[in-house]
Amino acid sequence: MRYCTVEENGYSGNIYCADVFDLLNKIGPESADIVFLDPPFNLGKRYSETLDLDNKPEEEYQYWLKRVIDLSIIALKPGGALYIYHLPAWAIRFGAYVDQSLIFRHWISVSMKNGFARGLRLYPAHYALLYFTKGAPQQFIRPKINPLRCRKCGEFVRDYGGYRSIIEEKGINLSDIWDDLSPVRHGNKKHRRPNELPIGLFNRVLSISGAPGMMYVDPFAGSGAGAVAALKNEMNFIVGDILPENTKIISERLSGAFTTQESVNG
Ligand SMILES: C[S@@+](CC[C@H](N)C(=O)[O-])C[C@H]1O[C@@H](n2cnc3c(N)ncnc32)[C@H](O)[C@@H]1O
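Values in this document were obtained by computation on a predicted structure and should not be read as measured data.

A word on the overall build of the protein chain. In terms of helices and strands, the protein chain carries seven helices and twelve strands. Taken over C-alpha atoms, the radius of gyration comes to 19 Å for the protein chain, in line with the 18 Å a tight globule of 266 residues would show. Overall, the protein chain is about 60 × 50 × 40 Å in size when its C-alpha atoms are taken along their principal axes. Evaluated residue by residue, the protein chain yields a buried proportion of 47% over its 266 residues.

Here it is in structure tokens:
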């Protein structure tokens, strides 16, 4: 099931064309520093012409993703970090489930204004990025980011009063509201069609919980932005996707790195 192996500057990654359970069962217990789950949201999206991957009865979907979460927790090293990206309505349920085993650290609101107001509801403008650790985190860095500036005049959008010079020099602390990441919308930047997350999101996750030489695992890798970010951050990785067209895209994205094509049964 291995698609290929990628190496760069002494760091390496394996890309698998595999079902999530085959991938997570293959990873040994306590071997991942970060597991990132961006599963199908069960919204009936057509990821593939032949496989119906996003259309389970609600109970079945819940059971399926809980099993994925169970295996992800087993795969995490003590102190490792689990991130789950989902719709708030599901995040609240899966978050409560993970909370029974791991330490809750954050519900990060990732602003994504590409939905529609439906029924008796507000306009949905964020996704949830749940962040848990297996015990005390073995790695945690609170990143500093550049404050938002006006596009026209270049001035800070907020008034930082007497802290202005410090903020100009050092930036501001990253909060649990991420409203500065642009969704991947433009055709020329897209490596595949549905649901690609911006690479900035992965870079941020890795800057919080990652370090050179650590192991990043992403079993729903899609177009592989997580793998690209892992290699750029000098981490090893194991990523997978059930669709061969996606694993091909990932290896093409990483084609600057040294890539070895493997047998499909490897
Ligand atoms: C929400 S998308 C992930 C997008 C990805 N984070 C990115 O930035 O491109 C979910 C991915 O899971 C894959 N997938 C769906 N069912 C799967 C399964 N049972 N095992 C492995 N991958 C699966 C889909 O092909 C799709 O690429």
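For an interface, size is often stated in terms of accessible area lost upon the parts coming together. As assigned here, the protein chain comprises domain 1 (2-139 + 176-261) and domain 2 (146-174). Just the C-alpha atoms count here: the centres of domain 1 and domain 2 sit 31 Å apart.

Further remarks concern the pairing of strand E2 (residues 11-17). In terms of burial, E2 is largely enclosed, as five of its seven residues are buried. In this antiparallel pair of consecutive strands, strand E1 (residues 2-8) and E2, the connection spans two residues, and asparagine 9 shows a positive phi of 50°. Strand direction decides the pairing type here: E2 and strand E11 (residues 236-241), joined by five bridges, are parallel. Residue pairing across strands places tyrosine 16 opposite glycine 240, the latter belonging to E11.

Geometry of an aromatic ring pair is reported as the spacing of the ring centres plus the angle between the planes. Taken as a whole, this structure holds 13 aromatic pairs when the rule is applied. Relative to tryptophan 64, the ring of phenylalanine 21 has its centre 6.5 Å away and its plane inclined at 85°; by these criteria the two rings are edge-to-face. Residue phenylalanine 21 is located in helix H1 (residues 20-26), and its partner tryptophan 64 is located in helix H2 (residues 58-75); the two are separated by 43 residues in the primary sequence. Accessibility classification places phenylalanine 21 together with tryptophan 64 in one group, the buried group. For the ring pair phenylalanine 104 and phenylalanine 132, a centre distance of 5.5 Å and an interplane angle of 70° mean the geometry is edge-to-face. Placement of the pair is phenylalanine 104 in strand E5 (residues 103-111) and phenylalanine 132 in strand E6 (residues 126-133), with a sequence separation of 28 residues. By the ring-pair criterion, three or more aromatic residues cluster together here, those being Phe21, Tyr61, Trp64, Trp90, Phe94 and Phe220. When the ring centre of tryptophan 178 is taken as origin, the NZ or CZ atom of arginine 204, which lies over that ring, is 5.3 Å away.

The subject of this paragraph is the site of the ligand. Taken together, 22 residues lie around the ligand, and Asp19, Val20, Asp38, Leu197 and Asp241 are the ones closest in. For the ligand, a nitrogen atom lies 2.9 Å from a polar atom in the backbone of valine 20. Here the ligand loses 98% of its free accessible area of 600 Å² to cover by the protein chains. Among the residues forming the shell around the ligand, the class breakdown is 13 nonpolar, four polar and five charged.

Here the focus is the environment of glycine 154. Following the sequence through the fold, glycine 154 ends up in the loop between strand E7 (144-145) and helix H4 (164-170). Between the C-alpha atom of glycine 154 and that of leucine 243, which follows or precedes it by 89 residues, the distance is 44 Å.

Let's shift gears to the packing of H2 against helix H3 (residues 88-98). Between H2 and H3, the shortest axis-to-axis distance is 11 Å and the interhelical angle comes to 45°. As the angle between them shows, H2 and H3 are arranged oblique. Helix-helix and strand crossings are classified by hand; for H2 and H3 the assignment is right-handed. On H3, the residues touching Glu58, Tyr61, Gln62, Leu65, Lys66, Ile69, Asp70 and Ile73 of H2 are Trp90, Arg93, Phe94, Tyr97 and Val98. Residue classes in the contact of H2 with H3 are distributed as eight nonpolar, one polar and four charged.

Right, let's get into the nonpolar core. One finds Phe36, Leu129, Trp178, Leu201, Tyr216 and Phe237 to be the most contacted residues of the largest nonpolar core, which totals 41 residues. With six residues, helix H6 (residues 225-232) is the single largest residue contributor to this core. Leu37, Ile69, Leu76 and Leu130 belong to the second-largest nonpolar core, a separate cluster that totals 33 residues.

Each value, and the rule that gives it
Residues numbered from 1 in each chain as written. Predicted model: local features only at pLDDT ≥ 70, side-chain atom pairs only at ≥ 80, totals over all residues. Heavy atoms only, no water. Helix = DSSP H or I, 4+ residues; strand = E, 2+ residues; numbered from the N terminus. Rg over C-alpha atoms; globule rule 2.2 N^0.38 Å. Buried < 20%, exposed > 50% of the residue type's maximum accessible area, 1.4 Å probe, protein only. Domains from an automatic or database assignment. Pairing = 2+ DSSP bridges. Phe/Tyr/Trp six-rings, centres within 6.5 Å; stacked < 30°, edge-to-face > 60°. Lys NZ or Arg CZ within 6 Å of the ring centre and 35° of its normal. Near = heavy atom within 4 Å. Polar contact = N/O pair within 3.5 Å; in protein donor to acceptor, adjacent residues only side chain to side chain. Areas by Shrake-Rupley, 256 points an atom, 1.4 Å probe, with all protein chains shown as cover. Nonpolar A, V, L, I, M, F, W, Y, C, P; charged D, E, K, R; others polar. Axes fitted to C-alpha atoms, helices over the stretch in contact; angles between N-to-C directions. Parallel < 35°, antiparallel > 145°, perpendicular 65-115°, else oblique. Left-handed = near helix turned anticlockwise from the far one by under 90°. Contact = heavy atoms within 4.5 Å. Core = buried A, V, L, I, M, F, W, Y, C linked by side-chain atoms within 4.5 Å.

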